[in-house]
Amino acid sequence: MRDVAVIGIGCTKFGEWWDRSFRNLFVEAGVKAIEDANLAGEQIDAMYVGNMSAGRFIEQEHIGALIADYAGLASEHIPATRVEAACASGGLAFREAVISVASGMSDIVVAAGVEKMTDVDTSLSTDALAGAADREWEGFTGATFPGLYAMIATDYIHRYGLTREQLAQVAVKNHYNGARNPIAQFQKEITLDTVTNSTLVADPLRLFDCSPITDGAAAVVVAPLEVAKKFTDTPIKVLATAQASDTIALHDRRDISTLDASVAAGNRAFQMAGLERKDIDFVEVHDCFTIAEICAIEDLGFCKKGEAGKFTEEGATALGGQIPVNTSGGLKSCGHPVGATGIKQVCETVLQLRGEAGKRQVDGAEIGMTHNVGGTGATVAAHIFGRA
Amino acid sequence: MSVPRFWRKIPQRYNLEGTHCETCGRYFYPPRNLCPECRREGTIVNHTFKGVGKVVTYSVIRTASDQFSALTPYVLAIVELEEGPRLTTQLVCSPEEVTIGMPVKAVFRKIGSEGESGVIYYGTKFAPM
């Protein structure tokens with residue numbers, strides 16, 4: 001297999017884009033990534049597009065071809081493939097792009113992610129998102145997506161004694177970071193009281209425990225490492241790509257508050273990179289809800305099971321801490337355009353490793369990791385990156 | 001969501017009918033055609049559950065899709081049946097009443113309908129014992 005590097009990144013500002021269309025968003029992200037990589041369009045060999053539910057959100061399918069067309073590549077007839085794994089669609093699109101280049105099948109590949117979620121009302125988006133879980137045996141009973149994560153939280157609190165304040169601290173930290181990220185939907189710091197006094201959505205999760213409904217797109221360009229320097233002075237090497245799956249329904253899991261797919265994908269990634277947890281300088285984890293970040297840092301092995309609340313409270317996951325988590329602001333503050341999130345995580349990691357993350361820069365960052373979850377943990381993609 | 005039109009005909013929704021693997025002894029609800037433990041070595045037979053169990057974890061849903069919004073706040077839970085399998089269900093009790101480990105039993109209830117005058121569909125909820 002060939003070594004692979006990221007040579008270009010592009011991301012729209014995440015937010016509520018009522019005045020912009022799906023295709024308008026991804027073209028902006030794609031053009032930024034291509035310009036960043038100093039590429040001409042005809043050099044692109046293939047595209048992989050992460051998108052969860054355009055069929056529900058904008059009633060458009062056939063997203064691969066649509067994106068290739070509006071990216072100005074219809075005349076090139078390149079293969080363009082949509083990748084779907086709920087909220088892990090972006091992470092999996094990236095992984096497919098890496099595999100394609102590593103195998104030698106393609107040279108220059110664009111991995112993108114896009115979601116336009118605000119064109120429908122909250123009730124429909126709640127229903128569409130519930131499709132990331134088991135529609136027939138969870139959704140049918142009235143299970144919402146926040147409701148399922150709330151049941152993880154109830155189990156976790158009962159078993160490990162996590163406090164309301166510790167959970168809220170995840171949101172406070174991520175909003176602090178997001179306030180320093182120009183693409184974030186919410187560039188505003190919040191306090192513990194903001195979280196604990198916000199409206200209950202699904203007990204014990206409140207509004208500020210949840211990532212929002214968001215429009216946005218992100219794109220990256222990958223290439224063989226051996227040619228990456230022709231395009232950029234700062235190629236970022238993909239040290240590991242890993243993916244794992246688990247039961248679609250939360251009720252079938254071995255342990256309600258351990259995402260075994262996160263554990264498996266994390267272990268595979270560390271093994272592939274030949275690295276240990278202590279080698280990682282920062283990580284972008286899938287904090288669709290505050291409890292998800294608590295589980296993620298334990299499942300990836302950055303602290304022991306049951307200790308992530310204390311770990312967070314003590315500042316270990318904050319900028320300047322032992323292992324900064326979600327320097328971008330995470331899904332919580334950046335927003336969570338489901339198909340785009342996994343690619344945005346890669347964009348943030350590349351910015352950090354290039355030393356271009358501005359006020360949220362992790363000093364001396366050399367190795368970064370991303371962790372992207374689909375559903376309540378039925379799919380997980382994990383990647384590790386390093387400076388080339 | 002119009003799919004429930006067809007789900008009305010799924011017998012497992014009304015009677016807690018699942019499956020049992022006679023090779024390894026595991027029980028499944030919802031039913032599975034293939035035992036994930038024994039795979040092709042498994043011997044799957046139908047099994048009707050007694051319908052008693054306990055609450056493993058729960059939440060109180062305050063924001064729901066249109067279909068369930070009239071019921072809010074309602075209690076959602078994962079229940080472990082006495083025979084072993086777990087399922088997601090609504091609990092017929094007040095949010096204040098529910099606790100982890102609470103014994104519950106299956107009850108036959110209306111789950112929802114397609115709009116105000118649409119087809120009503122039924123299924124299983126659980127109530128405190």
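Every value quoted in this text rests on a predicted model; they were computed, and no experiment measured them. (Residues numbered from 1 in each chain as written. Chains lettered and ligands numbered in written order. Predicted model: local features only at pLDDT ≥ 70, side-chain atom pairs only at ≥ 80, totals over all residues. Heavy atoms only, no water.)

1. Considering the sheet that holds strand S3 (residues 80–83) of chain A
All names here are of chain A. Taken together, the nine strands give an open sheet; going across it, the order is S3-S2-S4-S7-S1-S8-S11-S10-S9, and neighbouring strands pair in mixed fashion. Either end of the sheet is taken by a strand with one partner, and the two such strands are S3 and strand S9 (282–284). Strand-to-strand twist in this sheet, taken as the mean axis angle between neighbours without regard to direction, amounts to 25°. Inspection of the sheet shows S9 paired to strand S10 (residues 367–374) by three bridges, in the parallel sense. Counted as the bridge partner of Glu 284 is Thr 370 from S10. Contacting strand S1 (4–11), strand S2 (46–50), S3, strand S4 (109–116), strand S7 (215–224), strand S8 (236–245), S10 and strand S11 (379–387), helix H4 (residues 89–103) crosses the sheet at an angle of about 160° to S2. (Pairing = 2+ DSSP bridges. Helix = DSSP H or I, 4+ residues; strand = E, 2+ residues; numbered from the N terminus. Axes fitted to C-alpha atoms, helices over the stretch in contact; angles between N-to-C directions. Contact = heavy atoms within 4.5 Å.)

2. Comments concerning the pattern of salt bridges
Residues and elements named next belong to chain A. Counted according to the given criterion, the structure contains 30 salt bridges over all chains. One salt bridge connects Asp 36 with Arg 354, and the closest N-O pair in it is separated by 2.8 Å. In this pair, Asp 36 is assigned in helix H1 (residues 22–36) and Arg 354 in helix H14 (residues 341–354), connecting sequence segments 318 residues apart. Between Arg 354 and Glu 356 there is a salt bridge; the shortest N-O distance is 3.5 Å. In this structure Glu 356 comes out as partly exposed when scored by relative accessible area, which is 46%. Connected through shared salt-bridge partners, Arg 20, Glu 28 and Lys 32 make up one network. (Salt bridge = Lys/Arg side-chain N within 4 Å of Asp/Glu carboxyl O. Buried < 20%, exposed > 50% of the residue type's maximum accessible area, 1.4 Å probe, protein only.)

3. Let's talk about the environment of Gln 345 of chain A
Residues and elements named next belong to chain A. In this fold, Gln 345 is placed in helix H14. Between the C-alpha atoms of Gln 345 and Ser 198, which are 147 residues apart in sequence, the distance is 27 Å. Ignoring anything within four residues of it in the chain, the contact list for Gln 345 reads Glu 284, Val 285, His 286, Leu 331, Thr 370, His 371 and Asn 372. Looking at Gln 345, its side chain comes within polar contact range of the main-chain oxygen of His 371, at 3.1 Å. (Polar contact = N/O pair within 3.5 Å; in protein donor to acceptor, adjacent residues only side chain to side chain.)

4. Comments concerning the environment of Val 55 of chain B
All names here are of chain B. Locating Val 55 in the fold gives a position in strand S4 (residues 52–61). By relative accessible area, Val 55 is classed as buried at 1%. On a C-alpha basis, the gap between Val 55 and Glu 96 in space is 14 Å, while along the polypeptide they are 41 residues apart. Once you skip the residues sitting within four places of it in the chain, Val 55 turns out to touch Ala 77, Ile 78, Leu 91, Val 98, Thr 99, Ile 100, Gly 101, Met 102 and Val 104.

5. Describing unusual backbone geometry
A cis amide bond, omega -5°, links Tyr 29 of chain B with the succeeding residue Pro 30 of chain B. Pro 73 of chain B follows Thr 72 of chain B through a cis peptide bond whose omega is -5°. Looking at the secondary structure, you find Pro 73 of chain B in the loop between helix H3 (66–69) and strand S5 (74–81). A positive phi angle, close to 55°, is found at Glu 59 of chain A, a residue other than glycine. Positive phi, normally seen in glycine, also occurs at His 77 of chain A, with a value near 55°. Mapped onto the secondary structure, His 77 of chain A falls in the loop between helix H3 (63–73) and S3. Overall, His 77 of chain A belongs to the exposed group, its relative accessible area being 68%.

6. Some points on the sheet that holds strand S1 (residues 17–21) of chain B
Residue and element names in this part refer to chain B. Spatially, the three strands line up as an open sheet ordered S2-S1-S3, and their pairing is antiparallel. Two strands in the sheet have a free side with no partner beyond their single neighbour: strand S2 (27–28) and strand S3 (44–48). Pairing geometry for S1 and S3, over five bridges, is antiparallel. The residue bridging Glu 17 from the neighbouring strand is Thr 48, located in S3.

7. Here's the deal with a nonpolar patch on the surface
Where nonpolar side chains cluster on the molecular surface, the patch consists of Phe 108, Ile 120 and Tyr 122 of chain B and spans about 260 Å² of accessible area. Examined against the element boundaries, Tyr 122 of chain B turns out to sit in strand S8 (residues 120–128). (Patch = residues over 30% accessible without salt bridge, like charges linked within 9 Å, V, L, I, M, F, W, Y side chains within 5 Å. Areas by Shrake-Rupley, 256 points an atom, 1.4 Å probe, with all protein chains shown as cover.)

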